[in-house]
Amino acid sequence: KGTSLLSGGVESVLVLWHSESDCQKDFLPRLGSAIEYISMSTDGTLCCTLHTDNRITIINSNLRFSKSIQGLIKSRDVKTGLVVDPRTKALVLNGEPGHLQFYCLQSDQQLFSLDIVQRQYIHQAGLKQVDLVKVAFSAEGKWLATVEEREEVTDPELQLKLWFFDEETQSFKLNTRISMPHEDHITDMCFRDMDELEDDSLILVTAGRDRVFKVWVMVEDSDPEAQQSVSWSCDFVGSYHNYEATNCCFSEDGSLLAVSFEETVTVWDSVTWDLKCTFCHPPGKIRNICFGRLTCSKYLIGATDYGFLCCWNLLSCALEWSAHLNILILQPDPLSEHIAAVSWLSKDSSLFVFKPNDPRPVYIQRNLCKEKIQLAAFVPREEPEMIGSEKYLWLRRSQLFFLTDTQELMTLSTKSLEERLTPSSKQLAVEESLPVTPFSLLLGKHRRQQSQDNIDLGKLIHNKHEQDSPAVKELLHTPAHVLPSASFLCPIFINSLLISKGNKSAEEVADEVEMESEKSEDDSDEERDVTEMEQEDASPVELLGETTCKLSKSQEKELRKIRKMDYSWISAF
């Protein structure tokens with residue numbers, strides 16, 4: 001009615017201005033992130049705000065919170081990478097400032113948000129604030145390691161935190177806080193994937209720009225007043241020729257640790273911490289490293305920023321093969337030998353999937369997308385997928401997800417849209433099995449009686465509901481904001497309305513072919529008879545002494561039919 005005005009901005013506060021007085025205004029603070037758009041319903045009872053973190057908030061006219069629609073939170077910058085929670089199989093990455101979001105891929109919902117920094121975020125341009133930059137899970141998901149830092153030119157502020165999952169509260173609790181674990185920024189960290197039942201086997205390794213890597217282990221807390229029985233402390237510090245440590249990873253059995261120092265990859269014994277061997281492939285610094293798994297566990301893969309993908313044999317300590325590719329992402333599948341490599345060349349991202357024991361890729365997808373892919377992760381499936389094509393067998397046990405520089409989450413699928421929507425449409429069958437009301441019983445009885453009447457009358461009735469495809473059902477039951485574009489759904493919707501012609505049996509097809517051939521023979525015979533009659537009328541010829549009884553074409557055809565008849569039944573008499 002023009003009596004009030006709504007406004008919002010970067011401070012995440014919705015302001016209601018009243019026209020009667022210049023000083024009177026109401027506030028709704030702490031809406032989560034900066035407000036981009038505000039929309040009002042036609043009757044003025046509801047207000048909708050769109051935020052920069054990909055969230056929609058519905059608010060009543062009296063500035064009371066009503067509902068929030070939130071899928072994947074759009075962060076300012078995803079510094080943690082795409083990490084998979086071993087317990088929930090959820091994607092874990094930066095969420096709200098200073099928080100970790102646990103995003104469920106199946107339900108397109110946020111499971112929960114973990115406050116790591118535990119500080120109030122101040123919306124001020126140019127202000128250097130503490131941000132979450134690294135995250136790593138142990139093999140079973142019982143321990144979580146996080147790194148937070150404040151971007152300062154001269155004296156950076158770093159904190160390493162280790163969290164333990166509490167089964168009673170079903171949440172992570174802070175166990176150890178380590179201030180300044182490195183003198184400079186931490187570049188990478190990883191857990192040793194071994195049996196977590198033994199505390200001695202659980203190891204965390206961090207690599208930093210201060211040219212060292214550190215090994216952290218659990219120790220019993222000597223303080224009797226401490227709430228935690230164990231804590232973490234540094235056990236070993238390693239370096240190599242005063243080079244900057246950039247990446248680190250453990251082998252599948254946890255016996256070896258690989259740490260890259262600029263252009264060199266070093267391999268260490270995880271028990272004695274002795275340096276076993278080194279690999280080098282100049283020019284260019286090592287950008288990514290990973291070990292092979294299962295039957296390919298004897299290989300170590302590395303990618304350089306100069307455009308080379310290298311595979312080293314750990315048994316022979318020699319280069320097995322190399323390829324000239326500008327690899328940005330190197331992601332191994334935790335359940336198979338396959339490794340996904342994403343390259344960036346000429347403003348296009350391409351995907352290469354290979355096994356370390358063979359330099360020939362098992363799958364190549366060029367021009368995967370126009371955006372630059374920054375992160376990737378393999379997410380294990382709940383059950384292995386049945387894949388008919390040999391080309392996509394590497395997706396049988398895990399699904400590959402990508403995150404672009406515009407924070408669009410993408411994945412590869414071997415099925416069409418209709419087939420992908422079928423599992424979610426099975427929920428309709430669950431709804432049909434629920435207890436029914438008296439009205440639905442009456443309606444169902446009426447439908448059954450109508451169907452029986454149609455059968456008795458001999459009419460062929462095509463039930464429209466039985467012909468509905470899962471794609472059409474999903475189109476009517478899925479929220480509009482998560483559906484693909486209309487141009488993509490239109491051909492599938494039109495095809496679902498077409499009635500397919502029933503397949504005929506082989507005997508029916510053979511009978512039709514025989515009838516058509518007989519018809520063509522009849523037509524040709526009639527034409528020949530007419531031609532013969534015209535010739536006989538035109539020039540009748542009678543050869544004396546050579547007169548024979550000649551049958552017409554139609555008579556010969558009737559005779560052939562009689563010959564084909566089966567008279568074996570007469571032998572019974």
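Residues numbered from 1 in each chain as written. Predicted model: local features only at pLDDT ≥ 70, side-chain atom pairs only at ≥ 80, totals over all residues. Heavy atoms only, no water.

## A word on the environment of M180
No. 1: One can find M180 in the loop between β15 (171-179) and β16 (186-191).
No. 2: Judged by its relative accessible area of 35%, M180 falls in the partly exposed class.
No. 3: For the pair M180 and Q159, spaced 21 residues apart in sequence, the C-alpha to C-alpha distance is 5.7 Å.
No. 4: Non-local contacts of M180, meaning those with residues more than four positions away in its chain, are made with P156, E157 and L158. (Helix = DSSP H or I, 4+ residues; strand = E, 2+ residues; numbered from the N terminus. Buried < 20%, exposed > 50% of the residue type's maximum accessible area, 1.4 Å probe, protein only. Contact = heavy atoms within 4.5 Å.)

## Examining a nonpolar patch on the surface
No. 1: Taken together, the side chains of F493, I494 and L497 present a nonpolar region at the surface, about 270 Å² in accessible area.
No. 2: Relative to the helices and strands, I494 resides in helix α6 (residues 486-497). (Patch = residues over 30% accessible without salt bridge, like charges linked within 9 Å, V, L, I, M, F, W, Y side chains within 5 Å. Areas by Shrake-Rupley, 256 points an atom, 1.4 Å probe, with all protein chains shown as cover. Salt bridge = Lys/Arg side-chain N within 4 Å of Asp/Glu carboxyl O.)

## Quick notes on α6
No. 1: The end-to-end C-alpha distance of α6, which contains 12 residues, comes to 16 Å, matching closely the 16 Å that a straight helix rising 1.5 Å per residue would cover.
No. 2: All buried positions along α6 are accounted for by L489, I492 and S496. For α6, the buried positions fall inside an angular range of 65° around the axis, keeping them on one side. Those residues of α6 that are exposed and aimed more than 90 degrees away from the buried face are A486, S487, N495 and L497. (Expected span 1.5 Å × (residues − 1). Arc of directions from axis to C-beta.)

## Focus: the sheet that holds strand β2 (residues 14-18)
For sheets, the rule is that strands pair by backbone hydrogen bonds, running either parallel or antiparallel.
No. 1: Ordered in space as β1-β2-β3, the three strands form an open sheet in which the pairing is antiparallel. Two strands lie at the open edges of the sheet, namely β1 (4-7) and β3 (25-28), each paired on one side alone. Strand-to-strand, the axes of this sheet are offset by a mean angle of 15°, without reference to chain direction.
No. 2: Pairing of β2 with β3 involves four bridges; the strand directions are antiparallel. By the bridge assignment, W17 is partnered in β3 with K25. (Pairing = 2+ DSSP bridges. Axes fitted to C-alpha atoms, helices over the stretch in contact; angles between N-to-C directions.)

## Remarks on the packing of aromatic side chains
No. 1: Across all of its chains, the model carries 20 aromatic pairs by this definition.
No. 2: Ring plane angle 65° and centroid distance 5.2 Å describe the contact between F165 and F172, whose orientation is recorded as edge-to-face. Each member of the pair F165 and F172 is classed as buried.
No. 3: Ring pairing ties together the aromatic residues F213, F236, Y240, Y243, F261, W268 and W273, which thus form one cluster.
No. 4: A cation over a ring is seen here: R87 above F165, with NZ or CZ 3.5 Å from the ring centre. (Phe/Tyr/Trp six-rings, centres within 6.5 Å; stacked < 30°, edge-to-face > 60°. Lys NZ or Arg CZ within 6 Å of the ring centre and 35° of its normal.)

## Focus: the sheet that holds strand β5 (residues 46-51)
No. 1: One open sheet accounts for four strands, arranged β4-β5-β6-β7; its pairing is antiparallel. Edge positions in the open sheet fall to β4 (35-40) and β7 (65-70), since each of these has one partner strand only. The average angle at which neighbouring strand axes cross in this sheet is 20°, direction not considered.
No. 2: With five bridges connecting them, β4 and β5 associate as antiparallel partners. The residue of β5 that forms the bridge with S39 is C48.

## Focus on the side chain of E337
No. 1: Relative to the elements of secondary structure, E337 occurs in the loop between β28 (327-332) and β29 (339-345).
No. 2: Here E337 sits buried without a salt bridge, and the closest side chain of opposite charge, K355, lies 4.3 Å off (N-O distance).
No. 3: There is a polar contact of 3.0 Å between the side chain of E337 and the side chain of T295.
No. 4: Ignoring sequence-local partners within four residues, the contact set of E337 consists of R293, L294, T295, C296, F354, K355 and P356. (Lys, Arg positive; Asp, Glu negative; His and termini not counted. Polar contact = N/O pair within 3.5 Å; in protein donor to acceptor, adjacent residues only side chain to side chain.)

## Regarding the pairing of strand β14 (residues 157-166)
No. 1: Along β14, eight of the 10 residues are buried, which leaves the element largely enclosed by surrounding structure.
No. 2: Two strands pair when backbone bridges link them, and strand β13 (residues 143-150) and β14 are joined in this way by eight bridges, in the antiparallel orientation. The partner of V147 across the bridge, within β14, is L160.
No. 3: Hairpin connection of β14 to β15: four residues between the antiparallel strands, including Q170 at a positive phi of 55°.

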